[in-house]
Amino acid sequence: MTARRATAVEGSAGGVDGWRVVELGAVASTMEAARRLAEDGAAGRTVVRAAEQTGGRGRMGRPWSSPPGNVYMTAILRPDVPTARAAELSIVAAVALADAVAQFGGDVALKWPNDVLLNGGKVAGVLLEAIAEGGALSAVLIGIGVNVASRPELPDRRTSRVEGAGADAVFEALVAALEARYRQWCRDGLAGIRSAWLARGPAIGAPLTIYQGNERLEGRFAGMEGDGTLALALADGSIRRIASGEIVE
Ligand SMILES: O=C(O)CCCC[C@@H]1SC[C@@H]2NC(=O)N[C@@H]21
């Protein structure tokens with residue numbers, strides 16, 4: 001894909017039925033590009049892909065390094081569910097991402113809620129945003145970045161990249177996996193996807209340190225609730241349920 005500033009090329013995603021792909025060159029962030037499309041009425045299963053981002057965003061307000069050669073995409077989905085269930089799509093996206101990355105080899109694991117680790121280093125991340133209208137869920141934006149051609153050197157965490165494949169192949173595998181897991185979720189809810197997450201997640205009892213805002217919590221992994229929240233067993237024997245937070249490596 002060549003970089004084309006502000007020019008959209010439309011097509012289908014590697015033969016995945018029902019998906020519309022909007023390919024962009026250099027953009028600030030596919031999140032904003034997708035939000036504009038969603039607010040203009042783009043259908044669910046529209047995916048915005050960029051060759052590079054000049055203002056890529058990660059979770060917790062972090063920047064997401066976005067040079068050419070990696071995957072940067074935001075999928076627009078329009079599930080017919082209450083707004084409170086939108087966060088489940090974070091787990092759906094993580095499992096789909098793990099399915100896709102695993103096709104290219106290596107040891108794939110998940111770190112709650114939606115970091116994908118390849119051979120112990122973070123290879124991909126998910127940023128989820130919801131758009132509500134009149135109190136009802138209108139769209140969910142699932143932003144995904146995957147390191148393919150390069151990976152950032154970070155002071156506080158190990159990183160990795162998918163090797164032996166180009167960004168196009170990874171993108172196509174990702175859209176196909178997202179379609180499969182999204183269908184499963186629409187049909188069955190989170191149950192089967194939660195099991196798939198747990199199969200790649202930490203062992204029950206593994207020590208975890210989590211920041212919830214400025215609060216540092218230490219405990220042991222006690223599983224995932226039916227809605228995707230993390231269960232952390234604290235030293236006093238109580239279980240703390242965590243809907244959002246950041247696990248420290
Ligand atoms: O911090 C994380 O782990 C989430 C990273 C999400 C990065 C992707 S790249 C495509 C989309 N556009 C962005 O600006 N962010 C997401």
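- As annotated in an unreviewed UniProt entry, the chain is biotin--[biotin carboxyl-carrier protein] ligase from Thalassobaculum fulvum.
- Heading Catalytic activity (unreviewed entry) of the UniProt record for the chain holds this comment: "biotin + L-lysyl-[protein] + ATP = N(6)-biotinyl-L-lysyl-[protein] + AMP + diphosphate + H(+)".

Details of the packing of aromatic side chains
For step 1, the next point in the chain: Tallied over the entire structure, the rule returns 2 aromatic pairs.
For step 2, the next point in the chain: Between Tyr-182 and Trp-185, the ring centres sit 6.0 Å apart and the planes meet at 25 degrees, which makes this aromatic pair stacked. Of the two residues, Tyr-182 and Trp-185 are both situated in helix α3 (residues 167-188); the distance of 3 residues between them amounts to about one turn of the helix.
For step 3, the next point in the chain: On the accessibility criterion, Tyr-182 (4% relative accessible area) is buried.
For step 4, the next point in the chain: Taking the relative accessible area as the measure of exposure, Trp-185 reaches 2% and is therefore buried.
For step 5, the next point in the chain: Between Trp-197 and Phe-221, the aromatic rings sit 6.3 Å apart at their centres with planes inclined by 45 degrees, giving tilted as the arrangement. You can see Trp-197 sitting in helix α4 (residues 191-200) and its partner Phe-221 sitting in strand β10 (residues 215-224), a full 24 residues away along the chain. Pair check on accessibility: Trp-197 and Phe-221 agree, each one buried.
For step 6, the next point in the chain: Geometry around Phe-171 places Arg-49 over its ring, the cationic atom sitting 4.6 Å from the centre.

A look at the site of the ligand
For step 1, the next point in the chain: Looking at the ligand, there are 20 residues lining it, with Ser-29, Gln-53, Arg-57, Arg-59 and Lys-122 nearest.
For step 2, the next point in the chain: Between an oxygen atom of the ligand and a side-chain N or O atom of Ser-29, the distance comes to 2.7 Å.
For step 3, the next point in the chain: Taking 410 Å² as the accessible area of the ligand by itself, protein coverage stands at 99%.
For step 4, the next point in the chain: Counting residues per element, the ones that place at least two in the shell around the ligand are α1 (30-39), β4 (71-77), β7 (121-133) and β8 (136-146).
For step 5, the next point in the chain: Per-element accounting of the shell around the ligand gives the leading share, 4 residues, to β7.
For step 6, the next point in the chain: Here the residues of the shell around the ligand are counted per class, giving 7 nonpolar, 9 polar and 4 charged.

So, the domain arrangement of the chain
Reports of interface size often rely on the accessible area that becomes lost once the parts have come together.
For step 1, the next point in the chain: Domain annotation of the chain identifies domain 1 (7-200) and domain 2 (207-248).
For step 2, the next point in the chain: Using only C-alpha atoms to locate each centre, domain 1 and domain 2 end up separated by 24 Å.
For step 3, the next point in the chain: Of the roughly 1100 Å² buried at the junction of domain 1 and domain 2 (both faces included), carbon and sulfur atoms supply 63%.
For step 4, the next point in the chain: Of all residues in domain 1, the largest losses of buried area upon contact with domain 2 belong to Lys-111, Trp-112 and Arg-194, amounting jointly to 52% of the total for that side.
For step 5, the next point in the chain: Our count for the domain 1 to domain 2 interface comes out at 3 salt bridges.
For step 6, the next point in the chain: Notably, a salt bridge pairs Glu-246 with Arg-62, separated by 2.9 Å at the nearest N-O pair.
For step 7, the next point in the chain: Joining domain 1 to domain 2, the criterion identifies 6 residue pairs in polar contact (both at pLDDT 80 or more).
For step 8, the next point in the chain: Those elements that provide at least two residues to the side of domain 1 that touches domain 2 are α2 (88-102) and α4.
For step 9, the next point in the chain: Top contributing element to the side of domain 1 that touches domain 2 by residue count: α4, with 3 residues.

Details of the nonpolar core
For step 1, the next point in the chain: If you look at the biggest cluster of nonpolar residues, it comprises 60 residues, and the most contacted ones within it are Val-71, Met-73, Leu-97, Ile-142, Val-146 and Trp-197.
For step 2, the next point in the chain: The dominant element in this core, judged by the number of residues it contributes, is α2, at 11 residues.
For step 3, the next point in the chain: Two domains share this core, each providing at least three of its residues, namely domain 1 (7-200) and domain 2 (207-248).
For step 4, the next point in the chain: The next biggest cluster of nonpolar side chains, apart from the first, holds 15 residues, and it includes Leu-24, Ala-33, Ala-42 and Ile-76.

Definitions and limits used
- Residues numbered from 1 in each chain as written.
- Predicted model: local features only at pLDDT ≥ 70, side-chain atom pairs only at ≥ 80, totals over all residues.
- Heavy atoms only, no water.
- UniProt positions renumbered as here; feature names shortened; annotations may be inferred.
- Phe/Tyr/Trp six-rings, centres within 6.5 Å; stacked < 30°, edge-to-face > 60°.
- Helix = DSSP H or I, 4+ residues; strand = E, 2+ residues; numbered from the N terminus.
- Buried < 20%, exposed > 50% of the residue type's maximum accessible area, 1.4 Å probe, protein only.
- Lys NZ or Arg CZ within 6 Å of the ring centre and 35° of its normal.
- Near = heavy atom within 4 Å.
- Polar contact = N/O pair within 3.5 Å; in protein donor to acceptor, adjacent residues only side chain to side chain.
- Areas by Shrake-Rupley, 256 points an atom, 1.4 Å probe, with all protein chains shown as cover.
- Nonpolar A, V, L, I, M, F, W, Y, C, P; charged D, E, K, R; others polar.
- Domains from an automatic or database assignment.
- Buried area = accessible area lost by both parts, 1.4 Å probe.
- Salt bridge = Lys/Arg side-chain N within 4 Å of Asp/Glu carboxyl O.
- Core = buried A, V, L, I, M, F, W, Y, C linked by side-chain atoms within 4.5 Å.

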